[in-house]
There are 2 protein chains.
Amino acid sequence: MTRPLLPLADAAPAERADAARNREALLREAVRMVAEGGTSSLTMECLAHRAGVGKGTVFRRFGSREGLMAQVLDLSERDWQASVLGGEPPLGPGAPPWERLVAFGESRLRTTLLHADLIRAAGDATGSRSVAASSFMALHVGHLLGELGVAGDLPLLATALLAPLEVPVLVQQVDREHLPVERVVAAWVDLAGRVVSARADAGRR
Amino acid sequence: MTRPLLPLADAAPAERADAARNREALLREAVRMVAEGGTSSLTMECLAHRAGVGKGTVFRRFGSREGLMAQVLDLSERDWQASVLGGEPPLGPGAPPWERLVAFGESRLRTTLLHADLIRAAGDATGSRSVAASSFMALHVGHLLGELGVAGDLPLLATALLAPLEVPVLVQQVDREHLPVERVVAAWVDLAGRVVSARADAGRR
C-alpha cells in the first residue's frame, strides 16, 4: 500500500488513502479470481463486475491487463515473502533450519508454478521485481545454510539451490514434460540434502 | 548444413549445395566477428563487406540481423556439442567421469556467457533451440552421474546441476554483480562434488 509520506491538504490525503484501499481491494479480488480460475479468467471487465465498479476505474487503477497482472503477481509475492519472514513454522521462523529449508523449497516451487502464468501474462510489466525477489531468497537460503553449519561459498550455494526453482526450469519439467510436482519437490529436497550433508572437500573423486 | 534428401534436377541440387556452402562460410565469418568484437560488431553491412558479397545476399540468406544472430548461436552451440561428444578429453570422451563433469561445467559456463549476448541479439529468432540444447546437456550430465555411481533421481539431479548454468543466473552473477568467473566456476564444481559425493539418504538432519 502506498501512503503519502507527509499530510498534504485536507481533502487530498483522505482521497489518496481511499484510492489505495480501493486498489488493494481490487487486487485481493483479482488474486482470488486467479486462484479460482487461472489467469485467463482475470479480465478487466470481469474484475470490474465482481468488484462492483466501472471498467474505467479498473483501467485507471492498473493501466492495462498486463499492469494488473504485474500487480497481482507483486501482491502474491509479497504475501509469500511475509509468510517466510513472519508466518507460521516451518516456513516461517521457529522451526529447525533443515525443516525451514525443506518448507522453503516446496513452498517456493509451488508458488513459482502458480506465478508462471502471471509472469507470462504480465509480460514486460514485471520489470525488475524478479531480481529483488531473487536476492531476498538468496539471503534467506544462505542464512539457513549458515545455521546448518554448511561450509563453503554460501551465497553461491544458495544461488545453486534457487536456480532449479526458476520459472523456465519448472515450466519445462511440469508443464511440458508432465513430471509430477511431488517428484520435482522430492528431487529438490534430495539436492538440498546433498548440499547440506557433504563434507566441504568431499567432491573430488 | 541442409542438403536435399533426393536429387531433383541437374542444376538445382548443385546450386543448393553451393548456397549451403556459402551460407556456412558467411556464418563462420560471423562467428569470427563476434569472437573478435562482440555481437555489436556484427552488422549485416560489415558481414557483407568482410565476406566480399552484396548486402542483399546476406539479407537473402538470413532474413534479418536477428535471424543471423540465431544461426551464429546455433553454429556455435553445435560446435560446442561436437566437442563434448567427440572432442579432446577431458571435455570429450576418454577422461574419467569426474574430470569430464568438471570440464563440462566450466566449458558450459564460459560458453553460456559468450552466448548470452547472442541470445539477446537473436531475440525471438532463437525459437526452441534452447530446449534441444538443454536435453542434450541433461542426457550427458545424467550419463556422467551414472558413471560416477550416484544414486538418486539422476535426470532431476542433472537438471539441478544445469540450472545454475542458465543464462539469466550467470548474467546476474557475472554481468550485474561482477563476480569473478573463476569464483562461479569453483562454486559449480563444489556443487557438483556435493551431489556426487553425498550418500543417497544423508540429507536429513
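Worth saying up front: this structure is predicted, and the values here are computed from it rather than measured. As a convention, each chain's residues are numbered from 1 in the sequence order in which they are written. All chains are assigned letters beginning at A, and all ligands numbers beginning at 1, according to the order in which they are written. Local features in this predicted model are restricted to residues whose pLDDT is 70 or higher, and side-chain atom pairs enter the listing and the counts only when it is 80 or higher, whereas totals over whole chains, interfaces and linings include all residues. The basis for the side-chain values is all heavy atoms of the structure; hydrogens and waters are excluded.

J.: Explain the interface of chain B and chain A here, please?
T.: Think of interface size as the accessible area that goes away when the parts come together; that is how it is often given. With 36 residues of chain B at the contact, the number on the chain A side is 37 residues. Defined here as a combined quantity, buried area equals the accessible surface (1.4 Å probe) lost by two parts on assembly, summed across both. Carbon and sulfur atoms make up 61% of the area that chain B and chain A hide from each other, which totals about 3100 Å². By salt bridge we mean one thing: a side-chain nitrogen of Lys or Arg within 4 Å of a carboxyl oxygen of Asp or Glu. The residue Arg-183 of chain B makes a salt bridge to Asp-153 of chain A at a minimum N-O spacing of 2.8 Å. A 3.5 Å cut-off defines polar contacts: any pair of N or O atoms within that distance qualifies, except that in protein one atom must be a possible hydrogen donor and the other a possible acceptor, and neighbouring residues in sequence count only when both atoms are side-chain atoms. Taken together, chain B and chain A are joined by six residue pairs in polar contact (both at pLDDT 80 or more). The leading source of residues in the side of chain B that touches chain A is helix α9 (residues 181–197) of chain B, at 11 residues. Under the scheme applied, nonpolar residues are Ala, Val, Leu, Ile, Met, Phe, Trp, Tyr, Cys and Pro; charged residues are Asp, Glu, Lys and Arg; polar residues are all the others, including Gly. Per-class residue counts for the side of chain B that touches chain A are 22 nonpolar, seven polar and seven charged. Contacts are assigned to residue pairs that have any heavy atoms within 4.5 Å of one another. The numbering of helices and of strands both runs from the N terminus, where a helix is a DSSP run of H or I of at least 4 residues and a strand a run of E of at least 2.

J.: How should I be thinking about the confidence of the model for chain A in this particular structure?
T.: Note that predicted coordinates carrying low pLDDT should not be read in detail. Mean pLDDT over chain A stands at 87; residues scoring 70 or higher make up 85%. Taken as a whole, residues 200–205 of chain A scores under 50 in pLDDT and shows 13 contacts with residues more than four places along the chain or in a different chain. Note on scores: pLDDT gives the predictor's confidence for each residue, bounded by 0 and 100.

J.: Looking at this structure, I do not really get helix α9 (residues 181–197) of chain A. What am I missing?
T.: Helical periodicity: at 3.6 residues per turn, an α-helix aligns residues three or four positions apart in one direction. Over its 17 residues, α9 of chain A runs 24 Å from end to end, which matches the ideal 24 Å to within 8%, given 1.5 Å per residue. The buried count for α9 of chain A comes to 13 of 17 residues, which makes it a mostly enclosed element. Expected span of a helix, by definition, is 1.5 Å for each gap between consecutive residues, and there is one gap fewer than residues. Each residue's exposure class comes from its accessible area (1.4 Å probe, protein chains only) as a fraction of the maximum for that residue type: buried when under 20%, exposed when over 50%, partly exposed otherwise.

J.: What am I meant to see in the relation of the copies chain B and chain A here?
T.: One copy of the chain maps onto the other through a rotation about an axis followed by a shift along the same axis. You can overlay chain B on chain A at an RMSD of 0.1 Å; the transform is a turn of 180° with a shift of 0.0 Å along its axis. Each copy turns onto its partner about a two-fold axis. Of all interface residues in chain B, 100% are interface residues in chain A too; the two copies therefore contact each other through one and the same surface. Alignment of the copies relies on least squares applied to C-alpha atoms, considering only residues that score at least 70 for pLDDT in both.

J.: Quick question: what am I supposed to make of unusual backbone geometry here?
T.: Across the chain, the bulk of peptide bonds are trans and the bulk of non-glycine residues have phi less than zero. Residue and element names in this part refer to chain A. In this structure, Pro-90 follows Pro-89 across a cis peptide bond, with omega equal to 10°. Positionally, Pro-90 belongs in the loop between α4 (65–86) and α5 (97–122). Here the phi dihedral of His-178 falls at roughly 55°; this positive angle occurs in a residue that is not glycine. Locating His-178 in the fold gives a position in the loop between α8 (167–176) and α9.

J.: In this structure, what is going on with the packing of aromatic side chains? I would like to understand it.
T.: The description of two aromatic rings rests on the distance between their centres and on the angle between their planes. All names here are of chain B. Working definition: a ring pair exists when centres of Phe, Tyr or Trp rings (six-membered ring for Trp) sit within 6.5 Å. Plane angles under 30 degrees give stacked, over 60 give edge-to-face, the rest tilted. Enumeration over the complete set of coordinates arrives at four aromatic pairs over all chains. The interplanar angle of 55° and the centroid separation of 5.6 Å between the aromatic rings of Trp-80 and Phe-104 together place this pair among those described as tilted. Of the two residues, Trp-80 sits in helix α4 (residues 65–86) while Phe-104 sits in helix α5 (residues 97–122), which places them 24 residues apart along the sequence. Classification of Phe-104 by relative accessible area gives buried; the value is 0%. Ring centres of Trp-80 and Phe-136 lie 6.2 Å apart, and the angle between their planes is 80°; this geometry places the pair in the edge-to-face category. Residue Trp-80 is located in helix α4, and its partner Phe-136 is located in helix α6 (residues 129–147); the two are separated by 56 residues in the primary sequence. Just as Trp-80 is buried, Phe-136 falls in that class too.

J.: Looking at this structure, how should I read the side chain of His-140 of chain B?
T.: Looking at where His-140 of chain B falls in the secondary structure, it is placed in helix α6. Residue contacts for His-140 of chain B: discarding those within four places in its chain leaves Val-84, Arg-100 and Phe-104 of chain B.

J.: It is not clear to me how the packing of α5 of chain B against α9 of chain B should be interpreted in this structure. Could you clarify?
T.: The packing of two helices is summarised by the inter-axis angle and the distance between the axes. Residues and elements named next belong to chain B. Where α5 contacts α9, the axes come no closer than 10 Å and their chain directions differ by 140°. Here the hand of the crossing between α5 and α9 comes out right-handed. Residue-level inspection shows Trp-98, Leu-101, Val-102, Phe-104, Gly-105, Glu-106, Leu-109, Arg-110 and Leu-113 of α5 in contact with α9, the latter providing Val-181, Glu-182, Val-184, Val-185, Trp-188, Val-189, Ala-192, Gly-193 and Val-196. Axis lines are fitted through C-alpha atoms, for helices just across the contact stretch, and the angle between N-to-C directions can take any value from 0 to 180 degrees. Note: crossing handedness is left-handed where the near helix turns anticlockwise from the far helix by less than a right angle, and right-handed where it turns clockwise.

J.: I would appreciate a short explanation of the UniProt feature "DNA-binding region" (unreviewed entry) in chain A in the present structure.
T.: UniProt positions are given in the numbering used here, feature names are shortened, and annotations may be inferred rather than shown by experiment. The UniProt feature table records "DNA-binding region" (unreviewed entry) at residues 43–62 of chain A. Across residues 43–62 of chain A, the secondary structure splits into 80% helix and 0% strand, with the terminal C-alpha atoms separated by 12 Å.

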